[in-house]
Amino acid sequence: MTDRLPPLTLYLAAPRGFCAGVDRAIKIVEMALEKWGAPVYVRHEIVHNKYVVDDLRAKGAVFVEELEDCPDDRPVIFSAHGVPKSVPAEASRREMIYVDATCPLVSKVHIEAARHHENGLQMVMIGHAGHPETVGTMGQLPPGEVLLVETVEDVAHVEVRDPQRLAFVTQTTLSVDDTIDIVAALRTRFPAIVGPHKEDICYATTNRQEAVKALAPKADALLVVGAPNSSNSKRLVEVGRRAGCAYSQLVQRATEIDWRALEGIGSVGITAGASAPEVLIEEVIDAFRARYDVTVELVETAQENVEFKVPRVLREPA
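Anyway, here's the lowdown on the structure attached to this text. (Residues numbered from 1 in each chain as written. Predicted model: local features only at pLDDT ≥ 70, side-chain atom pairs only at ≥ 80, totals over all residues. Heavy atoms only, no water.)

1. What about the sheet that holds strand 8 (residues 166-170)?
Counted only if it meets this: If DSSP finds at least two bridges between two strands, the strands pair. Strands are runs of DSSP state E lasting at least 2 residues, helices are runs of H or I lasting at least 4, and numbering of each runs from the N terminus. Under this scheme, a helix contributes an axis fitted over its contacting stretch, all axes are lines through C-alpha atoms, and angles between N-to-C directions fall in the 0 to 180 degree range. Contacts: residue pairs with any heavy atoms within 4.5 Å of one another.
If you trace the three strands from one edge of the open sheet to the other, you get 7-6-8, paired in parallel fashion. Each end of this open sheet is capped by a strand with a single partner; those strands are strand 7 (146-149) and strand 8. The sheet shows a mean angle of 30 degrees between the axes of neighbouring strands, direction not considered. Two elements, strand 6 (residues 122-126) and strand 7, share four bridges in a ladder whose sense is parallel. Bridge pairing links Ile 126 to Val 149 in strand 7. Packing of helix 7 (residues 176-189) onto the sheet brings it into contact with strand 6, strand 7 and strand 8, and relative to strand 6 it is tilted by some 150 degrees.

If you want it as structure tokens, here you go:
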């Protein structure tokens, strides 16, 4: 007679995982491979997920850090995080075929920053130093025209050209709560600062964080499926802890689950960052089913029916 598995409730966040911008970026690489054949070069990881990158690499994508690592005679794709203006300019100078897979919501921030610059405003960007999206957004304008702040404390020390001629933009994958605090600090110090018509944090980041806030109080533990270099995934872990789930952890695959830390629990919340495919979420659920008598409950806070078109060059015949 075998021992019965202990009962466990899995709270599955909805929405979770892939967003429209990530789905579009992956399709762009796949369609480029279909149109031009392998190899197709990709500057930086197309999205921050090892499973996705490895899958595309197996199909013929070559991932590089800089444009100088690409040959002139093969197509190159710019990642979903966006790139500085200097990158497509250099690709054009070299007469390369290039396709921009920047998420349309990131492109919206780029356009907004350029518009404020044209109106004579200096920009303040709320973001993480070194993150590809931050580098890409700051690179839309000349040096010194975009000042980076990462924390409320940074706001007190930022040196601006003219306090009356300022605007701000934000990295799209930040914590909603953290950004609210930084925006409040900016408005307190610089009352004339101009903000976006609508918060720049994208719908996918906002929706996934709201789902975690609803799920976290129900769960003894929270697992976020995502990569360690994925900003939005790491923010979900932080949101989970703040929402009442002290044990909130990031895992890339089911093999990273710390089963000893979960001993004696009765419920686990599961979600995934915007660049994590559903297959990895299913892998985690299956790992729990192998150890527990699992009941799955969906915690749905929003529905997403968003789709972005791929660039026209990929929709045209070769």
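Moving on, there is more to tell.
2. Focus on empty space enclosed by the protein
Inclusion rule: Here a cavity denotes grid points, spaced 1 Å and computed from the protein atoms alone, that fit a 1.4 Å probe unable to get out, and a pocket denotes an open set having protein on both sides within 12 Å along at least 5 of 7 lines; residues with an atom within 4 Å of a point are the lining. Grid points are joined across faces, edges and corners, and a volume is the space filled by probe spheres set on the points. Put simply, Ala, Val, Leu, Ile, Met, Phe, Trp, Tyr, Cys and Pro go in the nonpolar bin, Asp, Glu, Lys and Arg in the charged bin, and everything else, Gly too, in the polar bin.
With the rule as written, the count across this model stands at one cavity of 30 Å³ or more. A volume near 280 Å³ is recorded for the largest cavity. Together, 23 residues line the largest cavity, and Cys 19, Val 22, His 81, Thr 173 and Asn 232 are the ones closest to its centre. Of all elements in the fold, only helix 1 (20-36), helix 4 (104-118), helix 8 (203-215) and helix 9 (231-242) reach the threshold of two or more residues within the lining of the largest cavity. Counting residues per element, the lining of the largest cavity draws most heavily on helix 8, at three residues. For the lining of the largest cavity, the class distribution of residues is eleven nonpolar, eleven polar and one charged.

3. Examining helix 9
Where we set the bar: To estimate the expected span of a helix, count its residues, drop one, and scale the result by 1.5 Å. Relative accessibility thresholds used throughout: buried, under 20% of the residue-type maximum; exposed, over 50%; partly exposed, between the two (1.4 Å probe, protein chains only).
Helix length check: helix 9 (twelve residues) gives 17 Å between terminal C-alpha atoms against 16 Å at 1.5 Å per residue, within 8%. Along helix 9, the residues that are buried comprise Ser 231, Asn 232, Ser 233, Arg 235, Leu 236, Val 237, Val 239 and Gly 240. One or two residues past the end of helix 9 sits Gly 244, with phi positive at roughly 115 degrees.

4. Notes on the pattern of salt bridges
Going by this rule: Salt bridges are identified by distance alone: a Lys or Arg side-chain nitrogen within 4 Å of an Asp or Glu carboxyl oxygen.
In the structure shown here, the tally under the stated rule is 17 salt bridges. A salt bridge links Glu 278 to Arg 16, with the nearest nitrogen and oxygen atoms 3.0 Å apart. Within this pair, whereas Glu 278 is found in helix 10 (residues 278-289), its partner Arg 16 is found in the loop between strand 1 (7-14) and helix 1, the two being separated by 262 residues in sequence. Since its relative accessible area comes to 32%, Glu 278 is described here as partly exposed. Residues joined in a network through salt bridges with shared partners are Glu 30, Asp 55 and Lys 59.

5. Here's the deal with the environment of Val 52
For Val 52, the position within the fold is in helix 2 (residues 50-59). Note on Val 52: relative accessible area 6%, which makes it buried. Remark: the alpha-carbon pair of Val 52 and Ile 26, spanning 26 residues in sequence, is separated by 8.2 Å. If sequence neighbours within four positions are ignored, Val 52 has contacts with Phe 18, Ile 26, Val 47, Ser 275 and Pro 277.

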